[in-house]
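Given next are the chains, with one letter for each unit.
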Amino acid sequence: MESRESEAHAKSINSTIIDADNTVEEEHQLEDFQMPEWREKARHFLVLSSAGKPIYSRHGNEAQLSMLMSAIQAIISTFTDMSDPVRSMRVGTHTLVFYTNGPLYLLAVSNRNDSDELLRAELQLLHSQIVSILTSAQLTKIFEQRSNFDLRQLLGGTEAIIDQLVDRMETDFTFSLGSLDTLWMRYRLRDRIGKALLASRAKCVLYAMLIADMKLVTLMRPRKHSLHPADLHLLFNMAASKNFLTGEHWTPMCFPKFNDKGFLHVYINYVTPSVALILVSADRDSFTSMAQCRFKITQDLLADDSLQRMEDAASQRALRPSELGIPGLLQLYYRHKTLVQHFGTRFEESVDEQQQRRIINTYQRLRLYMVKSGPNPLRIVYHRTDSDTVLVWQSSAFELYAAIDPSMDVRAMIRKINVVLEWIRNEEDHLFVINAPSY
């Protein structure tokens, strides 16, 4: 009975996603690579098979991009035959970055001054999202048996999850930081929630966590094992999809950093309007046990109103620097190196969408620059243009990224940054998951 119920829930996810995506599909059918609307997009992400079969495009209908996909396959194959794999090229104002992994070819196109390293990292993350749906072993087997297989048959219904990841990569610094965004909440409440996860754990539950959008509330794990932040990013991105906001969901998922050849099984249920409970098991037939575990956790948290207090914390929007009493800062991120977690503010209202993207892009480029600086990494980078001022500061304990009002002088800026660091030290127990429950 449990097996049939598990499979039914897994199948229901694809049908739900397909229904939700009908509007998007209709919109995509209006575009192809010969139309101005498609060409005017600032960034494109394309995935095809080594045989040139279209698999995914963020913009346009894959079926109408077959000529373009064939051209991309020809370019990659030509350079491969010359024993000189193509990695990137410039065409006018556009940067093209190629990434190949087994039977999949991926291409990113950008006219936003994105670096090759950034676009390649985003392509690797996109590839991981596809692997999370199918596993690398399944991908390899499929294309070994049929090199011209249309992979869209297996990915059908998951486009919204992949689209969401691609869109988030453009505006969310989380993926570049390689750490977990955490929900700011009182330490005692977080600790109380963690104890509820531990007390209600069923034997089949490997990991249990609560998230609000992409922000971690808390996570229970085995004492000797942890999931890689990159795998959790993929999981959180899936759980944050609109298709999972209602009902109970039971789906297989591959965690590429954990084991790219097999599936774990994931239970997702929003226990409040803003907070999702995620349970991970190795047992594909454990849906009923997962549902019972969810019931115990929610009943425990309802007993002292912890569930409502968690919802209150999750529903509050992230603060702006001015709301923290730090005027002059436009936005900031703080990454805790030991915990591999980070905290970020919203942008000030004066920063428009274009400037936000530009600042995030600057953060990404400067972080890559500092990471590549070798055994003696740079500690401070001060970046100033006519429109933006950004400071990046790293120590053995933290990384800090701050966008600053260009009118502020350097001395005032240093004073503001020191105020930020002092505030974070005082709030550390509430900003981060310090003592995650384990068993």
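Note that the structure is a prediction, hence the values are computed from the model and not measured. Throughout this description, residue numbers start from 1 for each chain and increase along the sequence as written. Owing to the predicted nature of the model, reporting of local features is limited to residues with pLDDT of at least 70; listing and counting of side-chain atom pairs is limited to 80 or more, with chain, interface and lining totals taken over all residues. To get the side-chain values, all heavy atoms of the structure are used, and hydrogens and water are removed first.

Attention now moves to the packing of aromatic side chains. Only rings of Phe, Tyr and Trp enter the pairing, Trp through its six-membered ring, and a pair is recorded when the two centres are within 6.5 Å. The plane angle decides the type: under 30 degrees is stacked, over 60 is edge-to-face, the rest tilted. Within this structure, the stated rule accounts for 13 aromatic pairs. Residues Tyr 267 and Phe 287 carry aromatic rings whose centres are separated by 5.9 Å and whose planes lie at 45° to one another, so their mutual orientation is tilted. One end of the pair, Tyr 267, is in strand E10 (residues 260–270); the other, Phe 287, is in helix H13 (residues 287–303), and 20 residues separate them in sequence. We note that Tyr 267, like Phe 287, is buried. Of the aromatic side chains, those joined through ring pairs into one cluster are Phe 173, Tyr 333, Tyr 363 and Tyr 401. Over the aromatic face of Tyr 439 sits the side chain of Arg 201, whose NZ or CZ is 3.7 Å from the ring centroid. Each helix corresponds to a stretch of at least 4 residues labelled H or I by DSSP, and each strand to a stretch of at least 2 residues labelled E; elements are numbered beginning at the N terminus. Think of it in three bands: with a 1.4 Å probe and only protein chains considered, a residue is buried below 20% of the maximum accessible area for its type, exposed above 50%, and partly exposed in between. By definition, being over a ring means that NZ of Lys or CZ of Arg is both within 6 Å of the ring centre and within 35 degrees of the ring normal.

Next up on the list: the environment of Ile 193. Within the secondary structure layout, Ile 193 lies in helix H10 (residues 187–199). Ile 193 sits 17 residues away from Leu 210 along the chain, and the two C-alpha atoms are 8.9 Å apart. Excluding residues that lie within four positions of it along the chain, Ile 193 makes contacts with Met 185, Leu 210, Val 217, Thr 218, Leu 301 and Met 310. Here, two residues are considered to be in contact whenever any of their heavy atoms come within 4.5 Å of each other.

What follows covers helix H15 (residues 353–371). In this scheme, a helix's expected span is set at 1.5 Å multiplied by one less than its residue total. Compared with an ideal rise of 1.5 Å per residue, which puts 19 residues at 27 Å, H15 spans 27 Å between its outermost C-alpha atoms and is within 8% of the ideal. Buried residues of H15: Gln 355, Ile 359, Ile 360, Asn 361, Thr 362, Tyr 363, Gln 364, Leu 366, Arg 367 and Met 370, and no others. Looking at where H15 begins, the residue whose side-chain oxygen comes 3.2 Å from the main-chain nitrogen of Gln 354 is Asp 352. Here a polar contact means two N or O atoms within 3.5 Å. Within protein one must be a hydrogen donor candidate and the other an acceptor candidate, and residues neighboring in sequence count only if both atoms are side-chain atoms.

What follows is about the pairing of strand E8 (residues 215–220). Of all six residues in E8, five are buried; the element is thus mostly enclosed. For two strands to be treated as a pair, DSSP must find at least two bridges joining them. Two elements, strand E7 (residues 205–212) and E8, share five bridges in a ladder whose sense is antiparallel. Paired with Met 209 across the strands is Leu 219, a residue of E8. Taken together, E7 and the strand that follows it, E8, pair antiparallel across an intervening segment of two residues, in which Asp 213 is found at a positive phi of about 55°.

The next thing to look at is the pattern of salt bridges. Salt bridge criterion: a side-chain nitrogen from Lys or Arg within 4 Å of a carboxyl oxygen from Asp or Glu. Throughout the structure, instances matching the rule amount to 21 salt bridges. In this structure, the salt-bridge partner of Asp 300 is Arg 192, at a minimum N-O distance of 2.7 Å. Of this pair, Asp 300 sits in helix H13 while Arg 192 sits in helix H10, and the two are 108 residues apart along the sequence. When its relative accessible area of 24% is taken as the criterion, Asp 300 is described as partly exposed. Among the ionic contacts, a cluster of salt bridges with common partners joins Arg 112, Glu 170, Glu 353 and Arg 357.

Working convention: axes come from line fits to C-alpha atoms, limited for helices to the stretch in contact. Angles between N-to-C directions cover 0 to 180 degrees. Their axes nearest at 8 Å, the elements helix H8 (residues 159–171) and H15 cross at an angle of 85°. Between H8 and H15, the angle is such that the two are roughly perpendicular. Across the interface between the two elements, Met 169, Glu 170 and Thr 171 from H8 touch Arg 357, Ile 360 and Gln 364 from H15. Here the term charged refers only to Asp, Glu, Lys and Arg, the term nonpolar to Ala, Val, Leu, Ile, Met, Phe, Trp, Tyr, Cys and Pro, and the term polar to all other amino acids, Gly among them. Of the residues that constitute the contact of H8 with H15, the class distribution is two nonpolar, two polar and two charged. Roughly parallel refers to an angle under 35 degrees, roughly antiparallel to one over 145, roughly perpendicular to one between 65 and 115, and oblique to any angle outside these ranges.

What follows concerns unusual backbone geometry. Positive phi values are uncommon outside glycine, yet Thr 135 reaches one of about 75°. Structurally, the position occupied by Thr 135 is in the loop between helix H5 (116–134) and helix H6 (136–145). Classification of Thr 135 as buried rests on a relative accessible area of 3%. If you check the backbone angles, Asp 305 has positive phi at about 70° while not being a glycine. Residue position: Asp 305 is located in the loop between H13 and helix H14 (306–315). Judged by its relative accessible area of 43%, Asp 305 falls in the partly exposed class.

Reading across from one edge, E6-E13-E12-E16-E15-E14 is the order of the six strands in this open sheet, with mixed pairing throughout. The sheet is open, and its two borders are formed by strand E6 (180–181) and strand E14 (380–384), each paired with just one other strand. As defined by bridge partners, strand E12 (residues 329–336) adjoins strand E13 (residues 341–344) across four bridges and the pair is classed as antiparallel. Note that in E13 the partner of Arg 335 across the bridge is His 342.

Most of helix H11 (residues 229–239) is tucked away: 10 of the 11 residues are buried. Among the residues of H11, those classed as buried are Pro 229, Asp 231, Leu 232, His 233, Leu 234, Leu 235, Phe 236, Asn 237, Met 238 and Ala 239.

This part covers the side chain of Ser 395. The topology assignment puts Ser 395 in the loop between strand E15 (389–394) and strand E16 (398–404). Within the structure, Ser 395 has its side chain in polar contact with the backbone nitrogen of Ala 397 (distance 3.1 Å). With sequence-adjacent residues up to four places away left out, Ser 395 is seen in contact with Lys 337 and Arg 379.

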